[in-house]
Amino acid sequence: MTSVLTGKDILHVKDIKLEHISLVLETASRFEQVLALGGRLFNMDGKVLAVLFYEPSTHTRLSFETAMLRLGGHVVSTSQGALASSAVKGETLYDTGKMISGYADIAVIRHMLPGSAQDFANGASVPVINGGDGAREHPTQALVDLYTIQKERGGLNNLAVTLAGDLKNGRTVHSLSWLLGKYGPRFYFVSPEELRMPAEITQALRDDGIEVVETSNLYEAASKSDVLYMTRIQKERFDDLSLFERLKGTYVINFDLIENSKSGITIMHPLPRTDEIDREIDNYEGAAYFRQAANGGPIRMAIIALLTGCE
Ligand code: CP
């Protein structure tokens, strides 16, 4: 069956419309219900997903691979693209995209360079998914995050949401702020001065009439928020490691913070976490980050099936 997403790429959050989000979330929910009842899906029977990762990943790569297997399809994969693919011999992403289109029905790529997924897609003739391009975008994580917020909070509209941590380098918060911005949130952007959200993102949200409060005070923001989305300080994006050493540990979610937060606050994190959420918080009922990671399965099943017209 075809839909508005059949044959499309998912490269940039700016191309994702409200109707696309609704379709992905509804399809994911349907798939999740089938699996929960012990059912099996064969939507992608005989089809192949190519997984090309040039940067480390556990959650995105394995959830895409699991998603394809749960849909009855097959996976060809490189997790060591930067070391063990023909990129080492000088092949361009454009050429790799052309070549992969002869092997696979759909592809997901992660790469350290902003714009890399677009370069790959320019060569590819099959649907391409951006699994993270440097510090710029991570659109499928944002869809996982919306699905999680919808399930945890009962809806997406008019929420007060704190995005905290490394807002400069965190591609997940760049993508989530754009998509969640469609649902009339009030945002609190909490970071050290050196790691503020890029000005073009904050300005674009404000131009759309969205209230954005920028602060370094996590306690104040959490006391007013329905959702607190914490991120890791991204060591691998720092040229100056002494700056990373100074900033790491700036924010830690512990029970003292929870006790001073808005009642029932939902805690999210794209994972992996380092030291920014105490493990004691895992037992707090509003700690949603492992449920959020699990939601990567049905969301990525929905994306694969929708882009290939196999939903
Ligand atoms: N959330 C996320 O992108 O995690 P990985 O880097 O492990 O894929």
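Above this note sits the structure.
Conventions and cut-offs
Residues numbered from 1 in each chain as written. Predicted model: local features only at pLDDT ≥ 70, side-chain atom pairs only at ≥ 80, totals over all residues. Heavy atoms only, no water. Axes fitted to C-alpha atoms, helices over the stretch in contact; angles between N-to-C directions. Helix = DSSP H or I, 4+ residues; strand = E, 2+ residues; numbered from the N terminus. Left-handed = near helix turned anticlockwise from the far one by under 90°. Contact = heavy atoms within 4.5 Å. Nonpolar A, V, L, I, M, F, W, Y, C, P; charged D, E, K, R; others polar. Buried < 20%, exposed > 50% of the residue type's maximum accessible area, 1.4 Å probe, protein only. Pairing = 2+ DSSP bridges. Near = heavy atom within 4 Å. Polar contact = N/O pair within 3.5 Å; in protein donor to acceptor, adjacent residues only side chain to side chain. Domains from an automatic or database assignment. Core = buried A, V, L, I, M, F, W, Y, C linked by side-chain atoms within 4.5 Å.

1. With respect to the packing of helix H6 (residues 139–153) against helix H12 (residues 289–307)
- Remark: H6 packs on H12, axes separated minimally by 8 Å, with the N-to-C direction vectors making an angle of 115 degrees. Judged by the twist between their axes, the crossing of H6 over H12 is right-handed. Residues Thr-140, Gln-141, Leu-143, Val-144, Asp-145, Tyr-147, Thr-148, Lys-151 and Glu-152 of H6 form the contact with H12, whose own contacting residues are Arg-291, Gln-292, Asn-295, Gly-296, Pro-298, Ile-299, Arg-300 and Ile-303.
- In the contact of H6 with H12, the residues fall into six nonpolar, six polar and five charged.

2. Things to note about the pairing of strand E3 (residues 106–111)
- The buried fraction of E3 amounts to six of the six residues, a majority that puts the element mostly inside the structure.
- The two faces of E3 match: Ile-106, Val-108 and Arg-110 on one face and Ala-107, Ile-109 and His-111 on the other face are all buried.
- In terms of strand pairing, E3 meets strand E4 (residues 128–133) through four bridges, oriented parallel. Bridge assignment links Ile-109 to a residue of E4, and that residue is Asn-130.

3. Section: the site of the ligand
- With respect to spatial proximity, the complete set of residues near the ligand consists of Pro-56, Ser-57, Thr-58, His-59, Thr-60, Arg-110, His-138, Gln-141, Pro-270 and Leu-271.
- Gln-141 is positioned with one of its side-chain polar atoms (N or O) 3.1 Å from a nitrogen atom of the ligand.
- A class-by-class count of the residues in the shell around the ligand yields three nonpolar, six polar and one charged.
- In this structure, the shell around the ligand is formed jointly by two domains, domain 1 (13–137 + 296–308) and domain 2 (139–293), each of which donates at least three residues.

4. What to know about the nonpolar core
- Val-24, Leu-143, Leu-146, Leu-163, Phe-187, Ile-299 and Ile-304 are the most contacted members of the largest nonpolar core, which totals 57 residues.
- Ignoring sequence-local partners within four residues, the contact set of Val-24 consists of Leu-5, Leu-143, Ile-299, Ala-302, Ile-303 and Leu-306.
- Counting 21 residues, the second largest nonpolar core, distinct from the first, contains Ala-222, Ile-258, Ile-267 and Tyr-284.

5. Observations regarding the sheet that holds strand E9 (residues 266–268)
- Spatially, five strands are ordered E7-E6-E5-E8-E9 in an open sheet, and the strand pairing comes out parallel. Since the sheet does not close on itself, it has two edges, and those belong to strand E7 (211–215) and E9, each with one partner. Sheet twist, expressed as the mean angle between neighbouring strand axes with direction ignored, is 20 degrees.
- Taken strand by strand, H6 contacts strand E8 (227–230) and E9, and its axis lies near 160 degrees from that of E9.
- Together, strand E6 (186–190) and E7 form the strand contacts of helix H8 (residues 199–207), whose direction differs from that of E7 by roughly 145 degrees.

6. So, the environment of Pro-56
- Its location among the elements puts Pro-56 in the loop between strand E1 (48–53) and helix H2 (59–70).
- By relative accessible area, which is 72% here, Pro-56 ends up exposed.
- Along the primary structure Pro-56 and Thr-172 are separated by 116 residues, whereas in three dimensions their C-alpha atoms are 15 Å apart.

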